[in-house]
Amino acid sequence: MTPTTIPLNLDHVRAEFPALSNGFAYLDNAGGSQVLRRVGDRVRDYLLTSSVQLGASYAHSQDAGARVLAARRSVATLINAAHDDEVVMGAATTALMFQVTQAILPGIQAGDEIIVTNTDHESNIGAWLRLQSAGAVLRFWNVNPDTLELDLADLQALLSPKVKWVAMTHASNILGTINPVAQVAELAHGVGARLCVDAVAYAPHRLVDVQASGADLYVFSFYKVFGPHFAVLWGRRELLLSLASLNHYFISNDTIPYKLQPGNVNYELSYGCIGISDYLEDVGARLGAVGGARVKMQAAFDAFEKQEDLLAEQLLTYLRSKKNVRIIGLPDTKSGRRVPTISFMVDGMQSEAVVRHTDRFGIGIRFGDFYAKRLIEFLGLQDRGGVVRVSIAHYNTTTEIAHLIHHLEEAIA
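About the cut-offs
- Residues numbered from 1 in each chain as written.
- Predicted model: local features only at pLDDT ≥ 70, side-chain atom pairs only at ≥ 80, totals over all residues.
- Heavy atoms only, no water.
- Domains from an automatic or database assignment.
- Contact = heavy atoms within 4.5 Å.
- Salt bridge = Lys/Arg side-chain N within 4 Å of Asp/Glu carboxyl O.
- Polar contact = N/O pair within 3.5 Å; in protein donor to acceptor, adjacent residues only side chain to side chain.
- Core = buried A, V, L, I, M, F, W, Y, C linked by side-chain atoms within 4.5 Å.
- Buried < 20%, exposed > 50% of the residue type's maximum accessible area, 1.4 Å probe, protein only.
- Helix = DSSP H or I, 4+ residues; strand = E, 2+ residues; numbered from the N terminus.
- UniProt positions renumbered as here; feature names shortened; annotations may be inferred.
- Lys, Arg positive; Asp, Glu negative; His and termini not counted.
- Pairing = 2+ DSSP bridges.
- Axes fitted to C-alpha atoms, helices over the stretch in contact; angles between N-to-C directions.

Peer 1: Please clarify how the domain arrangement of the protein chain should be interpreted in this entry.
Peer 2: By convention, interface size is frequently given as the accessible area that disappears when the constituent parts associate. One can read the domain layout of the protein chain as domain 1 (10-35 + 293-412) and domain 2 (40-276). Distance between the C-alpha centres of domain 1 and domain 2: 26 Å. With 39 residues of domain 1 at the interface, the matching set in domain 2 holds 38 residues. Along the contact surface separating domain 1 from domain 2 lie four salt bridges. Note that Arg337 is salt-bridged to Glu149, the shortest N-O span being 2.4 Å. Across the contact surface, domain 1 and domain 2 share 18 residue pairs in polar contact (both at pLDDT 80 or more).

Peer 1: Help me understand the nonpolar core in this model?
Peer 2: Grouped burial of nonpolar side chains is what soluble globular proteins tend to show. Counting 87 residues, the largest nonpolar core has Tyr218, Phe220 and Phe222 as the members making the most contacts within it. Among the elements that take part in this core, helix α3 (residues 59-79) stands out by supplying seven residues, more than any other. Looking at this core, you find at least three residues from each of domain 1 (10-35 + 293-412) and domain 2 (40-276). Residues Ala127, Trp128, Ala167 and Leu217 belong to the second largest nonpolar core, which totals 28 residues.

Peer 1: Quick question: what am I supposed to make of the UniProt feature "domain: Aminotransferase class V" (unreviewed entry) in the protein chain here?
Peer 2: Listed under "domain: Aminotransferase class V" (unreviewed entry) in the UniProt record, and renumbered for this structure, are residues 26-403. Helix makes up 39% of residues 26-403 and strand 15%. Its end C-alpha atoms lie 12 Å apart.

Peer 1: Even after reading the chapter, I still don't get the side chain of Glu308, so can you show me in this structure?
Peer 2: Relative to the elements of secondary structure, Glu308 occurs in helix α12 (residues 293-321). At 4.4 Å, Arg206 is the nearest oppositely charged side chain to Glu308, a buried residue that forms no salt bridge. For Glu308, the contacting residues outside a window of four places in its chain are Pro204, His205, Arg206, Pro340, Ile392, Ala393 and His394.

Peer 1: What should I look at first to understand the environment of Tyr202 in this one?
Peer 2: Considering the arrangement of structural elements, one finds Tyr202 in the loop between β6 (194-198) and α8 (210-213). Among the residues examined, Tyr202 registers a relative accessible area of 12% and is labelled buried. Remark: the alpha-carbon pair of Tyr202 and Ala215, spanning 13 residues in sequence, is separated by 14 Å. Discounting residues that sit within four places of it in the chain, Tyr202 has contacts with His170, Ala171, Ile178, Leu207, Val208 and Tyr218.

Peer 1: Help me understand the pairing of β6 in this model?
Peer 2: β6 sits mainly inside the fold: four of its five residues count as buried. Pairing of strand β5 (residues 163-169) with β6 involves five bridges; the strand directions are parallel. Along β6, the bridge assignment pairs Ala167 with Cys196. Of the pairings in the sheet, the one linking β6 to strand β7 (residues 217-221) comprises three bridges and is parallel in character.

Peer 1: Help me understand the sheet that holds strand β12 (residues 366-368) in this model?
Peer 2: The strands making up a sheet associate through backbone hydrogen bonding, with each pair oriented either parallel or antiparallel. Spatially, the four strands line up as an open sheet ordered β9-β10-β13-β12, and their pairing is antiparallel. What marks the edges here is a single partner per strand, and that holds for β9 (325-327) and β12. Each strand of the sheet is rotated relative to its neighbour by a mean of 35°, with strand direction disregarded. In terms of strand pairing, β12 meets strand β13 (residues 387-391) through three bridges, oriented antiparallel. Residue pairing in the sheet places Phe367 in a bridge with Val388 of β13.

Peer 1: Mind showing me how you'd approach the sheet that holds β6 here?
Peer 2: Spatially, β2-β8-β7-β6-β5-β3-β4 is the arrangement adopted by the seven strands of the open sheet, whose pairing is mixed. What marks the edges here is a single partner per strand, and that holds for β2 (87-90) and β4 (137-141). Direction aside, neighbouring strands of the sheet carry axes that sit 20° apart on average. Where α3 meets the sheet, it contacts β2, β7 and β8 (231-235), and its direction lies at approximately 115° from that of β2.

Next up, the structure:
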């Protein structure tokens, strides 16, 4: 049980991230969060004490292997995988998506249909498009241009027994909207299809539960979740076992996750990822959570959500007050259906001009399409340089948001 009366200790939280001591307002967190000291310490420790090849009989190699396995088990707990060998780690979400779709490719037959959305980062679109080489037919589930939501009725109209995969984002990296992936999974499974979820924009803000998601594949990057430039792909064990191997011919096809990790994982970055779970458990314990690791992690994320909603509403209240500003996404946090990734446009201005102004004042925000280029083009925003995006993390402060608002007012008043 997690008490709700203990507030998040923001001083302690910020002290965990060395880069936050420099006075810069990091508000481009959807592009990459700041890194925990304990993550960096683990990476350094592994490189300086355990940098040997795994699999040898001597003790030093065995110890290093135990560290890498501990990292995989830590990630399995973080995402609530049923088995730690369902955890496939690799360079980045984009790389992992290209890898897993190559493993899926041999099982694709001409006429098989794959549904993708036009709200996703291109990593969860482009990789699937390559399956057209085997005769797959790609269909787009487009966002409603009026509500900026993915309507389930539109998906149902696309679903049929021909559909083998549905690919979607758990939360849009532009709209910030949290999508009902469990409902989508139920619909997809109802016609015999599988679901692949990109959670890059979701995982920094909510505790991931791959089993509850209903997905068959689930992927995100640790460098968006306070860790190193590394990523994880989870898949249901029976699915991973059924996929073609990407590794050497002598690697057994039932050797998961190794058969999907050609060249093996990055050992030191894997080990560094344990620091993410350590941090979340520490925050949860300080909040008074009593129980296992995920109980403490959930308490941490509950507190993060409250802090992020406070900051997001501070900014959204200001943006709603400006008649010349259009918020691209849900206009408030009341529904609990958005993460604090806030995009907007200013009438008569290029998005770049807004960001170039705030650049001068120690504020890190961004403009562009953020590799969700199809969404920006669908909404007709490409000629304006895409959107202005402010992406908040739990370690940001009301003072930083006030500082941003002050300088936004100079640019867009």
